[in-house]
2 protein chains.
Amino acid sequence: MGIVILRQDDKIDLWKKALLAADPEIPIYSFLEEHPRDEIDMALVWKHPKGSLQHYPNLKCIACFGAGVDFIFEDTERPLNLPITRVVDPKLASDMSEFVLGQILSHLKHFNQYKVDQLKKVWVMRSYQRIEDVCVGIMGMGALGMALATDLLKLNFNVIGWANSPKENINMPIYTGEEQRNKFLAKADILVCLLPLTKNTTGILNEELFRKLPKGAYVINVARGGHLVDNDLIKMLDEGHLSGASLDVFHTEPLNTDHPFWNHAKVHITPHIASVSDIASVTPQLLDNYKRLQSGQPLKNVVSDLKGY
Amino acid sequence: MGIVILRQDDKIDLWKKALLAADPEIPIYSFLEEHPRDEIDMALVWKHPKGSLQHYPNLKCIACFGAGVDFIFEDTERPLNLPITRVVDPKLASDMSEFVLGQILSHLKHFNQYKVDQLKKVWVMRSYQRIEDVCVGIMGMGALGMALATDLLKLNFNVIGWANSPKENINMPIYTGEEQRNKFLAKADILVCLLPLTKNTTGILNEELFRKLPKGAYVINVARGGHLVDNDLIKMLDEGHLSGASLDVFHTEPLNTDHPFWNHAKVHITPHIASVSDIASVTPQLLDNYKRLQSGQPLKNVVSDLKGY
């Protein structure tokens, strides 16, 4: 028994330290150090090198450090038929909600334009919109979408959601499936993408979809870069059909310096920081599943192979 | 009987049209056109030319278009002993609250820095703060302060207020008077100034006050430029005692192009647009007081000469 951490950022030591602090007995290794591959039964992964999971003959579970597991499914060289788990963290959800709420208010009040104006010493009052003036449409009503909707409703936003299936316990219109998609889009002055990235949702934010939105709509993508067709967004912004976009996620991260988003006046870029896994909050979940694996209990937050999330 | 509008912006015709649409019979004039000065009994004012109110011998009321009446008291050549009224508008309060909430979230999530980064094509993740990490201190718990506090509480912000007198009907700590001021300041990670501008509050945002705030505190001034000692703010930012400031109001507006705020990386400027009087919402209030004046009924929202608001 043992855990290996596979990530390509500089956070392996941070996580290892946090997991050992919570349980000093646990055999845990970085994939970059010497480690007994035969003994590893759980791999903790975040954008691991493709193919790197092949080398653990006794692996029993692939556990994702975050909420989105699309990068695991993209690794077709991974051992198949193993359970994949993801993090369902209240902090991930509240962080995301606070970020998106901030982006929505920034849009209504033109904060990004005012910062650009300031750098040019320009004093121009722009008329603002109010919460009551807009309808926010949330695509994807999982844990993150529900948390955002709950916060927006507290502030009396007009909120609608689009999901695979009806939702209970929330007092807002939910549009479901392909047949209600266009009705949903026609009302969404501000479209927030919180979908999981799957075969069905790759490239979903494209020209055909944007044209269903009201003229002047604003797009916030905080899910995955793969949801967006970059050139279609630029076309819709330049035609004036969309008024702007806040993008936190990109096909390639960091965003390539020659990408046209950087210089586009209507695109507002943040470097994938809407919601970052909180080590203190996530560590107990990872360890709980590790102990469940050892004792043969059912794992928590197992991803559906069929749905891809 | 008659109304004169005195403002120095380009909105006189807009307001005249709106008031006439609501009551076509009303005798209403711009101070820039020929008008029967003897017949004017109500002056509607927004930053009128000083001394211009002297020329109405039968004036009975000075009605402000907005919530802040400091500019009327500053006009020492105005006819004294006339009632001054101000606007108490739910939209002014909710607009202000939405603006300040947006500024708070922008600060927590570093949106202004990310916009500057984008212009330089810089991809740097900055660690963010959460709603739960900060305490927001509101100076001035009038209609605007109460509306903001109510919204912040809905989102589970830790909120405290500073006011002249205790407040009922709101579940948050209220610190009162000079003796509790320092206790209030010591807790305020984000300080929001929503005070009226009076003799007592002019220059209240100064080095001595800033030093009572926790190190790294953030200041949001959406009240009046006269509350702030500009050089003290710059000193506290440059020393690193304050982490930044959002300023919507200034001693001189538009802000002079050679003012150091424009170029200061920690100052975020908006051009006095936090809350702009909504014509549709304010017009009925102004007309109601005009009719009260004609029929001898008590006026609404009369300002206290003693308090200055």
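Everything numeric in this text was worked out from a predicted model, so none of it was measured. (Residues numbered from 1 in each chain as written. Chains lettered and ligands numbered in written order. Predicted model: local features only at pLDDT ≥ 70, side-chain atom pairs only at ≥ 80, totals over all residues. Heavy atoms only, no water.)

Take the packing of aromatic side chains next. As enumerated under the stated definition, the model contains twelve aromatic pairs over all chains in all. Centre to centre, the rings of A:Phe111 and B:Phe99 are 5.3 Å apart; their planes meet at 90 degrees, and the pair counts as edge-to-face. Linking A:Phe111 in helix H4 (residues 111-119) with B:Phe99 in helix H3 (residues 90-109), this pair reaches from one chain into another. For A:Phe111, a relative accessible area of 6% puts it in the buried group. Between the NZ or CZ atom of A:Arg7 and the centre of the ring of A:Phe65, over which it lies, the distance is 4.6 Å. (Phe/Tyr/Trp six-rings, centres within 6.5 Å; stacked < 30°, edge-to-face > 60°. Helix = DSSP H or I, 4+ residues; strand = E, 2+ residues; numbered from the N terminus. Buried < 20%, exposed > 50% of the residue type's maximum accessible area, 1.4 Å probe, protein only. Lys NZ or Arg CZ within 6 Å of the ring centre and 35° of its normal.)

By secondary structure assignment, the location of A:Asn182 is in helix H6 (residues 181-187). Taking C-alpha positions, A:Asn182 is 8.4 Å from A:Leu213, a pair spaced 31 residues apart along the chain.

What follows concerns helix H1 (residues 12-22) of chain A. All names here are of chain A. Among all positions in H1, only Ile12, Trp15, Lys16, Ala18 and Leu19 are buried. One side of H1 carries all its buried residues, which in axial view fall inside an arc of 165 degrees. The outward face of H1, more than 90 degrees from its buried face, is lined by the exposed residues Asp13, Lys17 and Ala21. Tucked into the core, H1 has its buried residues touching strand E1 (3-7), strand E2 (28-30), strand E3 (42-46) and helix H9 (279-295). (Arc of directions from axis to C-beta. Contact = heavy atoms within 4.5 Å.)

Placing chain A over chain B gives an RMSD of 0.1 Å and needs a rotation angle of 180 degrees, together with 0.0 Å of translation along the axis. Read as a symmetry element, the transformation amounts to a two-fold axis. Of every C-alpha in chain A, the one belonging to A:Gly102 sits nearest the axis of rotation, 2.7 Å from it. Both copies contact each other with a shared surface, as 100% of the interface residues of chain A are interface residues in chain B too. (Least-squares fit on C-alpha atoms with pLDDT ≥ 70 in both.)

Attention now moves to the sheet that holds strand E5 (residues 84-85) of chain B. Residue and element names in this part refer to chain B. Strand order in this open sheet of five strands is E2-E1-E3-E4-E5, and the pairing throughout is parallel. The open sheet terminates on both sides in strands that have one partner only, identified here as strand E2 (28-30) and E5. Relative to strand E3 (residues 42-46), strand E1 (residues 3-7) is paired through five bridges, and the arrangement is parallel. Bridged to Ile3 within E3 is Met42. Along the sheet, helix H1 (residues 12-22) contacts E1, E2 and E3; its crossing angle with E1, the most-contacted strand, is approximately 155 degrees. Seen against the sheet, helix H9 (residues 279-295) touches E1, E3, strand E4 (61-64) and E5 and runs at an angle of roughly 155 degrees to E3. (Pairing = 2+ DSSP bridges. Axes fitted to C-alpha atoms, helices over the stretch in contact; angles between N-to-C directions.)

With that settled, the discussion passes to helix H3 (residues 90-109) of chain A. Residues spaced three or four apart along an α-helix face the same direction, because each turn holds 3.6 residues. Residues and elements named next belong to chain A. Across its 20 residues, H3 extends 28 Å between first and last C-alpha, which sits within 8% of the 28 Å expected from 1.5 Å per residue. Burial within H3 is extensive, with 17 of its 20 residues counted as buried. Phi for His110, located one or two positions after H3, is positive at around 65 degrees. (Expected span 1.5 Å × (residues − 1).)

Moving on, we come to the domain arrangement of chain A. All names here are of chain A. Assigned domains of chain A: these are domain 1 (2-89 + 278-295) and domain 2 (90-269). Taken over C-alpha atoms, the centre of domain 1 sits 32 Å from the centre of domain 2. The interface is formed by eleven residues belonging to domain 1 together with eight residues belonging to domain 2. Here domain 1 and domain 2 share an interface that buries about 760 Å² over both sides, 55% of which is from carbon and sulfur atoms. A per-residue breakdown of the area domain 1 buries against domain 2 is headed by Asp70, Asp89 and Asp278, which together make up 58% of the total. Inspection of the region where domain 1 meets domain 2 yields five residue pairs in polar contact (both at pLDDT 80 or more). A breakdown of the residues in the side of domain 1 that touches domain 2 according to their chemical character gives four nonpolar, two polar and five charged. (Domains from an automatic or database assignment. Buried area = accessible area lost by both parts, 1.4 Å probe. Polar contact = N/O pair within 3.5 Å; in protein donor to acceptor, adjacent residues only side chain to side chain. Nonpolar A, V, L, I, M, F, W, Y, C, P; charged D, E, K, R; others polar.)

Here we come to unusual backbone geometry. Residue and element names in this part refer to chain A. With an omega dihedral of -5 degrees, the bond running from Glu253 to Pro254 counts as a cis peptide bond. By secondary structure assignment, the location of Pro254 is in the loop between strand E11 (242-247) and strand E12 (267-269). Its identity as a non-glycine residue notwithstanding, Asn156 has a phi of 65 degrees, on the positive side. Note on placement: Asn156 falls in the loop between helix H5 (143-154) and strand E7 (158-163). A positive phi is found at Asn301, a non-glycine position, where the angle reads about 55 degrees. In this fold, Asn301 is placed in the segment after H9.

Right, let's talk about the interface of chain A and chain B for a bit. Of the residues lining the interface, 53 residues belong to chain A; the matching set on chain B comes to 53 residues. Summed over the shared surface of chain A and chain B, the number is eight salt bridges. Remark: the boundary between chain A and chain B carries 26 residue pairs in polar contact (both at pLDDT 80 or more). Looking at the side of chain A that touches chain B, the elements that each hand over two or more residues are H3, H4, H5 and E12 of chain A. Within the side of chain A that touches chain B, the residues separate by chemical class into 25 nonpolar, 14 polar and 14 charged. (Salt bridge = Lys/Arg side-chain N within 4 Å of Asp/Glu carboxyl O.)

All names here are of chain B. Remark: H3 packs on helix H5 (residues 143-154), axes separated minimally by 8 Å, with the N-to-C direction vectors making an angle of 50 degrees. Overall, the two elements H3 and H5 adopt an arrangement that is oblique. When the axes of H3 and H5 are compared, the crossing they make is right-handed. Two secondary-structure elements touch here, H3 through Leu92, Ala93, Met96, Ser97, Val100, Leu101 and Ile104 and H5 through Ala143, Leu144, Ala147, Leu148, Asp151 and Leu152. Of the residues contributing to the contact of H3 with H5, the split by class is eleven nonpolar, one polar and one charged. (Parallel < 35°, antiparallel > 145°, perpendicular 65-115°, else oblique. Left-handed = near helix turned anticlockwise from the far one by under 90°.)

Our focus in this paragraph is the sheet that holds strand E8 (residues 174-176) of chain B. All names here are of chain B. Pairing within the open sheet is parallel, and its seven strands lie in the order E8-E7-E6-E9-E10-E11-E12. In this open sheet, the two strands that pair with only one neighbour each are E8 and strand E12 (267-269). Neighbour-to-neighbour, the strand axes of this sheet turn through a mean angle of 15 degrees, independent of strand direction. Sheet topology places strand E6 (residues 135-139) next to strand E9 (residues 190-193); four bridges connect them, and they run parallel. For Met139, the partnering residue across the bridge sits in E9 and is Cys193.

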